[in-house]
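An overview of the molecular structure
Here is how the chains run, residue by residue.
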Amino acid sequence: RAEDALADLDRVRGRIENPEFLLSTRAEVLDQLGRAEEARAALDDAPPPSSALHWFLRGVTTFARSERPSTAPDRREALQAEAESMITRAVMSSPPRRAYHYQLAAIVFRRGSKSRSLDIKEALRTLWPDRSETWFSIGCIEMNFDPEKAEEALRQAIAMDGGRAL
């Protein structure tokens, strides 16, 4: 099935107005086929993303690749660092977008970077203090450093959410 998906991607590539959207998907399919080096080379040879959205999409797919059980620990760390860098580019090159910040918070949580965590928590608190997703993200980040603060943030998220999603 992945081979068919790859053939379909290659077939429609010329008809897509902006093929940057296909790069990450194609690399993901190559990776699933066990052709990780080819996937990496395709992304390395590609022009840099031209918009915040493209940086974000490439960062999300890179992060997803890092989370696969088959990813070696050293490769996982390298992919997560790349994903963090890409999504940081998206954050820095666009007006504030919650999805970009929340994804960056998820990566920072996984990587356990205390200094980056402080920056992300402050940005989230400043930009969206009244969103339950903000406090959920902060709670997740705090799990790495201060369980009491994590519980406090998660309780705040639940209280703000009113039982709708969390």
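Residues numbered from 1 in each chain as written. Predicted model: local features only at pLDDT ≥ 70, side-chain atom pairs only at ≥ 80, totals over all residues. Heavy atoms only, no water.

**Brief notes about the overall build of the protein**
As a reminder of what qualifies: Secondary structure elements follow DSSP: runs of H or I of four or more residues count as helices, runs of E of two or more count as strands, with numbering from the N terminus. A simple rule labels every residue: compare its accessible area, found with a 1.4 Å probe on the protein chains alone, to the largest value its type can have, and call it buried under 20%, exposed over 50%, or partly exposed in between. All accessible areas in this document rest on Shrake-Rupley with a 1.4 Å probe, and a residue is counted as covered only by the protein chains that are shown. When charges are counted, neither His nor the chain ends are considered; positive counts come from Lys and Arg and negative counts from Asp and Glu. To locate a charge, take atom NZ for lysine, CZ for arginine, CG for aspartate or CD for glutamate.
Assigned secondary structure in the protein consists of nine helices and zero strands. Counting from the amino terminus, helix and strand elements in the protein follow one another as α-α-α-α-α-α-α-α-α. Looking at the 166 residues of the protein, the share that counts as buried comes to 38%. Summed over all atoms, the accessible surface of the protein reaches about 9400 Å², with 54% contributed by carbon and sulfur. Each charge class in the protein was averaged separately, 25 positive and 27 negative side chains, and the resulting centres sit 2 Å apart.

**Side note on helix H6 (residues 98-111)**
Put simply, the rule is: A helix is expected to reach a length of 1.5 Å times the quantity of its residues less one.
In this model, H6 (14 residues) spans 20 Å end to end at C-alpha, consistent with the 20 Å of a helix rising 1.5 Å per residue. Within H6 the residues assigned to the buried category are Tyr100, His101, Tyr102, Gln103, Leu104, Ala105, Ile107 and Val108. Just downstream of H6 lies glycine 112, where phi reads positive at about 70°.

**A word on the pattern of salt bridges**
To be explicit about the condition: One side-chain nitrogen of Lys or Arg within 4 Å of one carboxyl oxygen of Asp or Glu is enough to make a salt bridge.
In this structure the tally under the stated criterion is 11 salt bridges. The partner of arginine 40 in a salt bridge is glutamate 82, and the shortest N-O contact between them spans 2.7 Å. Taken together, the residues arginine 40 in helix H3 (residues 36-45) and glutamate 82 in helix H5 (residues 73-92) connect sequence positions 42 residues apart. Between arginine 110 and glutamate 67 there is a salt bridge, with the nearest N and O atoms lying 3.2 Å from each other. On the criterion of sequence distance, the pair formed by arginine 110 in helix H6 and glutamate 67 in the loop between helix H4 (52-66) and H5 is long-range, its members being 43 residues apart.

**So, the side chain of arginine 65**
For the record, the criterion: Contact definition: two residues touch when any of their heavy atoms are within 4.5 Å.
Secondary-structure assignment places arginine 65 in helix H4. Relative accessible area serves as the criterion here: at 4%, arginine 65 is assigned to the buried category. Beyond its immediate chain neighbours, meaning those up to four positions away, arginine 65 contacts Glu28, Asp31, Leu43, Thr71, Arg75 and Leu79.

**Thoughts on the packing of aromatic side chains**
Rules: When the centres of two rings from Phe, Tyr and Trp lie within 6.5 Å, Trp using its six-membered ring, the rings pair. Their planes under 30 degrees apart give stacked, over 60 give edge-to-face, and anything left gives tilted.
Scanning all chains against the criterion turns up two aromatic pairs. Each ring, one from phenylalanine 56 and one from tyrosine 100, has its centre 4.5 Å from the other, and the planes form 25°; the classification is stacked. With phenylalanine 56 in helix H4 and tyrosine 100 in helix H6, this pair connects stretches of sequence that are 44 residues apart. Grouping residues by exposure puts phenylalanine 56 and tyrosine 100 together as buried.

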